[in-house]
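# Descriptive structure summary
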2 protein chains.
Amino acid sequence: MGTKFVVVGGDAAGLSAAGKAKRDALDTDVVVFERGDWASYGACGLPYYVEGRIAALSDLQVLDPRKIIEDRGIDLRRHHEVTSIDREAGTVAVDGDDGRYRESYDELLLATGGSATLPDVPGRNLTGVFSIRSLEAGRALKHYIAPHDAPPSPRAPTGTAQRLLTHLAERDPEAVAVVGANKIGVELAEAFVGRGLDVHVFDEAPRVLPSFGADVAGMVEDHLREAGLDLLLETPVTGFRGSNGRISGVETADGVVPVDAVVADVGVEPNVDLATAAGIDCGPTGAIATDEYGLTNDPNVYAAGDCAEKRHLLTGEPVHWPFALAANRAGRAIGRTLAGRPTPVGGIVGTQVMKALDLQVARTGIVDHEAARTAGFDPISALITTITRAHYYPGWSRMVVHATADADSGRLLGANMVGEEGTAHRINSVATALAAEMTVTDVGSLDYGYAPPFGPVWDPVLGVAKVLDEKLGRISEPA
Amino acid sequence: MGTKFVVVGGDAAGLSAAGKAKRDALDTDVVVFERGDWASYGACGLPYYVEGRIAALSDLQVLDPRKIIEDRGIDLRRHHEVTSIDREAGTVAVDGDDGRYRESYDELLLATGGSATLPDVPGRNLTGVFSIRSLEAGRALKHYIAPHDAPPSPRAPTGTAQRLLTHLAERDPEAVAVVGANKIGVELAEAFVGRGLDVHVFDEAPRVLPSFGADVAGMVEDHLREAGLDLLLETPVTGFRGSNGRISGVETADGVVPVDAVVADVGVEPNVDLATAAGIDCGPTGAIATDEYGLTNDPNVYAAGDCAEKRHLLTGEPVHWPFALAANRAGRAIGRTLAGRPTPVGGIVGTQVMKALDLQVARTGIVDHEAARTAGFDPISALITTITRAHYYPGWSRMVVHATADADSGRLLGANMVGEEGTAHRINSVATALAAEMTVTDVGSLDYGYAPPFGPVWDPVLGVAKVLDEKLGRISEPA
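What you see is a predicted model, and the numbers here were worked out from it, not measured in a lab.

### Considering the interface of chain A and chain B
Each partner contributes residues to the interface: chain A has 66 residues there, and chain B has 66 residues. Buried area between chain A and chain B, summed over both chains or domains, comes out near 5,500 Å², and the portion from carbon and sulfur atoms is 61%. The largest share of the area that chain A buries against chain B comes from A:His425, A:Asp447 and A:Phe454, three residues that together contribute 14% of it. Between the two partners, chain A and chain B, sit 34 residue pairs in polar contact (both at pLDDT 80 or more). Contributions of two or more residues to the side of chain A that touches chain B are made by α1 (12-24), α9 (324-338), β21 (352-356), α11 (427-435) and α13 (460-476) of chain A. For the side of chain A that touches chain B, the class distribution of residues is 31 nonpolar, 18 polar and 17 charged.

Here is the structure:
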């Protein structure tokens, strides 16, 4: 008889682990508990669902729950919440559609995900103040801003969904606020612009998209403003104003901006209550601490996905990195390890890409000097403005590439870039160079492809490495 | 007083070296001899000029000759042909607008480029049979197929240009043949389709784009045929038929296909006559042999660009790799070396990208099993069909990715891919992994960016590495 593998959480990390363990070790019994209605979904697509590019929430589903059960042989139990873990007995307590019971495990994976953080200001519980970390929250938001385009939730398990009921038959919103000019904030701002709404974006930071680096923010800000967005930077939100329990305005030191809806996703917190109640340790980031195989302080309990820490390959430090690929990869590695082939979950270098209207914005590694110094590096940066195609090929546009290196070792530390085309995939070559610990000299001499429709002869990544190489050469020359 | 650096050839390699040497060592006297009218031009743009996307030949110029002279301080002498080298005396013989003379050098760079190879069959000298390795040949071709769109050459130094004069006032061509379904052939076929011509493409090979790997050819062939191209594969051309000295048809074993013009660029030969006459050694590829700094067997004579060999980083063998980036890089490195900072010219891994109508085709490294075995590897491959965006994001299309690894070491050897978007820049991340000698396990665990408009969660490069990793895992398992 095989082992019994129990997974808490039926999204990226949980189902990747379940699928891989079952595929590679057929005699494993795999049970997945998911407290919600949805399993295996692409939450990253929510802004496009809100915008209307994607019609149905079910389009975001990666795998049909029935297929997970029937084709993959995974015992997926939706609407089942794991409420506690008894590590000594090797059981979890489950609260499900079919009552409360205990389920035993040989190996346990915690893939409980993360939750959106709302700003800690008065009025955050008003109707019309949203976060969209879950599919149901996305549905509620879409219904709120476009009631004729999205049906209300068939199940209404959350406060958000209940709140929207009070809004039915009200007028369509005209103005919305996004609090937090971060990735999800800018993606949602784009969605609202696409729906013809007036959009006000608030952030206390001086630049948009702080995680993408200040050096490319200017081009993004110009682009967003040209599209009609009202960007209120260095403008902390001090509260939300309401009328009859519904949002009516966003309050700052400069006054109140009237709005009909707010999305205020200012961060992601790892869901660790289940783990900590059972004595599973968290690390310095607040997420569950794991070793390189995803194992917690209990040798039979793994953690992966947005609830668990990852290791940053450049700093060696644990980080909270709540993104889809890292979750999928860690889940798959744990499944493979359980099937008998020990596989590290892999570190991250911090690669992110996003679409901001007509721009592609990308970053990887360490781009910020303060962060580089904290990690023990001596940072030096270069910024180039180049073009996306050969200068003679019609349709080229401007591209800004910024990169940071360690002046001591010459090692490339990171890059961030923005342009209308060709940054989303180019960043991956930098991510590869970071994993290989290449110097800027190494990167500048890479053999990249060239064709006039796709870039200049010296690819922008080579171009910025070349400039850094020259800068470092001048530093190292005797006076 | 500084040294005197003489360069033969005023295109990518020559002017990169000249510019870098002058910039980094101001007291160097730099003289560049260019036998033609053009210096510093993007010959890679010729297909788009022929198509009409690029109006004027001068648009392909990277740097204005006057600026090269005045702003960069380089003594560029166009219409000056170097006819011999006296290595003992340290001089070159020059034949120029201003007569014949000798010029002394301390250091010499041969950047004499390459020449198009026409197929060795009867009729190749007929009027209307073209190659387009040079700007003037491109102009002649465009004038021939679209006489109202391109003026005849202001100077007519070549046979090609003379031949076109006989064609003036003739009818516009309706059907053209491309002999060689290689990169330049397919780019030109696209240009001819863009001009509304009937296009017949001949190749003796069974698939198009042999250097890009057979595994992606099917998708390209379907696409070209859908666009109306007549692809005649496994069809060697046995001769060209003429009428009154002008091309009238392409002859194969199956008969004669009537055409009004032919482009037959079946290869590039390095221009080495000047070098070999002076006792400079060529390597096994027929191009000038150099060491890692671009130095020939004479310690004062360098060679770079399409006339010189490069080293392939995976095989360690010399190769003839007549492409723009390698030429630019080698030139720049030599300029830097001469300015006092020894800089290797860098090897190549064989990265190529191209546009084929609506497709992007890309390759790098070793993808072919026979080539892998010749280089001492034990090849294993995987092919995946994936999509260019998240499955729920509108506008996705199919993408085919093939990769080859060494079964002994697990090292990734190469990849080739094709799709409507996202392959031209993705290939560079594979090129980076090849330079870093990564295994498929290493590549599969890279931290790449993900956003729904730009790809699936597992980037196609990670996806194909994952499949190869699984294949290798099964091989290494005990029976």
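Having put the structure on the table, let's press on.
### Some details on the sheet that holds strand β25 (residues 412-419) of chain A
By definition, the strands of a sheet pair up through backbone hydrogen bonds, in either a parallel or an antiparallel sense. Residue and element names in this part refer to chain A. Read across the open sheet, the five strands follow the order β21-β22-β25-β24-β23; overall the sheet is antiparallel. Of all strands in the sheet, those with a lone pairing partner are β21 and β23 (379-387), marking the two edges. Across the sheet, the mean angle separating the axes of adjacent strands is 10° when strand polarity is ignored. Relative to β25, strand β24 (residues 398-406) runs antiparallel, the two being bridged by seven bridges. The partner of Thr 404 across the bridge, within β25, is Gly 414. Along the sheet, helix α7 (residues 217-226) contacts β21, β22 (359-365), β24 and β25; its crossing angle with β22, the most-contacted strand, is approximately 155°.

### Describing the pattern of salt bridges
Under the defined criterion, the tally for this structure stands at 48 salt bridges over all chains. Of the charged contacts, one joins A:Arg100 and A:Asp95 as a salt bridge, the two residues approaching to 3.6 Å between their closest N and O atoms. Judged by its relative accessible area of 72%, A:Arg100 is exposed. You can call A:Asp95 partly exposed: its relative accessible area is 30%. B:Glu221 is the partner of B:Arg207 in a salt bridge, and the nearest nitrogen-oxygen pair spans 3.0 Å. Taken as a pair, B:Arg207 in the loop between β11 (198-202) and α7 (217-226) and B:Glu221 in helix α7 lie far apart in primary sequence, 14 residues in all. Judged by relative accessible area, which is 31%, B:Arg207 ranks as partly exposed. Exposure remark for B:Glu221: the relative accessible area of 6% places this residue in the buried category. Each of A:Lys20, A:Asp24, A:Arg332, A:Arg336, A:Arg341, B:Asp469 and B:Glu470 takes part in a single network of salt bridges with overlapping partners.

### Observations concerning the state of the cysteines
All names here are of chain B. In total, this model carries zero disulfides over all chains according to the counting rule given. Cys 307 provides the cysteine sulfur closest to Cys 44, a residue in no disulfide bond, and the two sulfurs are 16 Å apart. For Cys 44, a relative accessible area of 28% gives the class partly exposed. Unpaired in this structure, Cys 282 has its nearest cysteine sulfur neighbour in Cys 307, at a distance of 8.9 Å.

### Remarks on helix α4 (residues 135-145) of chain A
When you tally the buried positions in α4(A), you get 11 out of 11 residues, the bulk of the element. Turning to α4(A), its buried residues number three or more, namely A:Leu135, A:Glu136, A:Ala137, A:Gly138, A:Arg139, A:Ala140, A:Leu141, A:Lys142, A:His143, A:Tyr144 and A:Ile145.

### Brief notes about the environment of A:Pro65
Residue and element names in this part refer to chain A. Among the structural elements, Pro 65 can be located in helix α3 (residues 65-70). Pro 65 gets classed as buried once you look at its relative accessible area, which sits at 8%. Ignoring anything within four residues of it in the chain, the contact list for Pro 65 reads Leu 76 and Arg 78.

### Brief notes about the domain arrangement of chain A
Residue and element names in this part refer to chain A. What the domain assignment reports for chain A is domain 1 (4-115 + 269-338), domain 2 (118-266) and domain 3 (352-471). Relative placement of domain 1 and domain 2: their C-alpha centres are 29 Å apart. Across the boundary between the two partners, domain 1 contributes 21 residues, which contact 21 residues of domain 2. Both sides together, the interface formed by domain 1 and domain 2 hides about 1,700 Å², and carbon and sulfur atoms give 61% of it. Counting across the interface, domain 1 meets domain 2 through two salt bridges. When the shortest N-O distance is used, the salt bridge between Glu 190 and Arg 53 registers 4.0 Å. Counting across the interface, domain 1 meets domain 2 through six residue pairs in polar contact (both at pLDDT 80 or more). Elements with a contribution of two residues or more to the side of domain 1 that touches domain 2: α2 (46-51) and β8 (114-117). Residue contributions to the side of domain 1 that touches domain 2 peak at six residues, all from α2. Its residues placed into classes, the side of domain 1 that touches domain 2 shows 13 nonpolar, four polar and four charged.

Cut-offs applied
- Residues numbered from 1 in each chain as written.
- Chains lettered and ligands numbered in written order.
- Predicted model: local features only at pLDDT ≥ 70, side-chain atom pairs only at ≥ 80, totals over all residues.
- Heavy atoms only, no water.
- Contact = heavy atoms within 4.5 Å.
- Buried area = accessible area lost by both parts, 1.4 Å probe.
- Polar contact = N/O pair within 3.5 Å; in protein donor to acceptor, adjacent residues only side chain to side chain.
- Helix = DSSP H or I, 4+ residues; strand = E, 2+ residues; numbered from the N terminus.
- Nonpolar A, V, L, I, M, F, W, Y, C, P; charged D, E, K, R; others polar.
- Pairing = 2+ DSSP bridges.
- Axes fitted to C-alpha atoms, helices over the stretch in contact; angles between N-to-C directions.
- Salt bridge = Lys/Arg side-chain N within 4 Å of Asp/Glu carboxyl O.
- Buried < 20%, exposed > 50% of the residue type's maximum accessible area, 1.4 Å probe, protein only.
- Disulfide = S-S within 2.5 Å.
- Domains from an automatic or database assignment.

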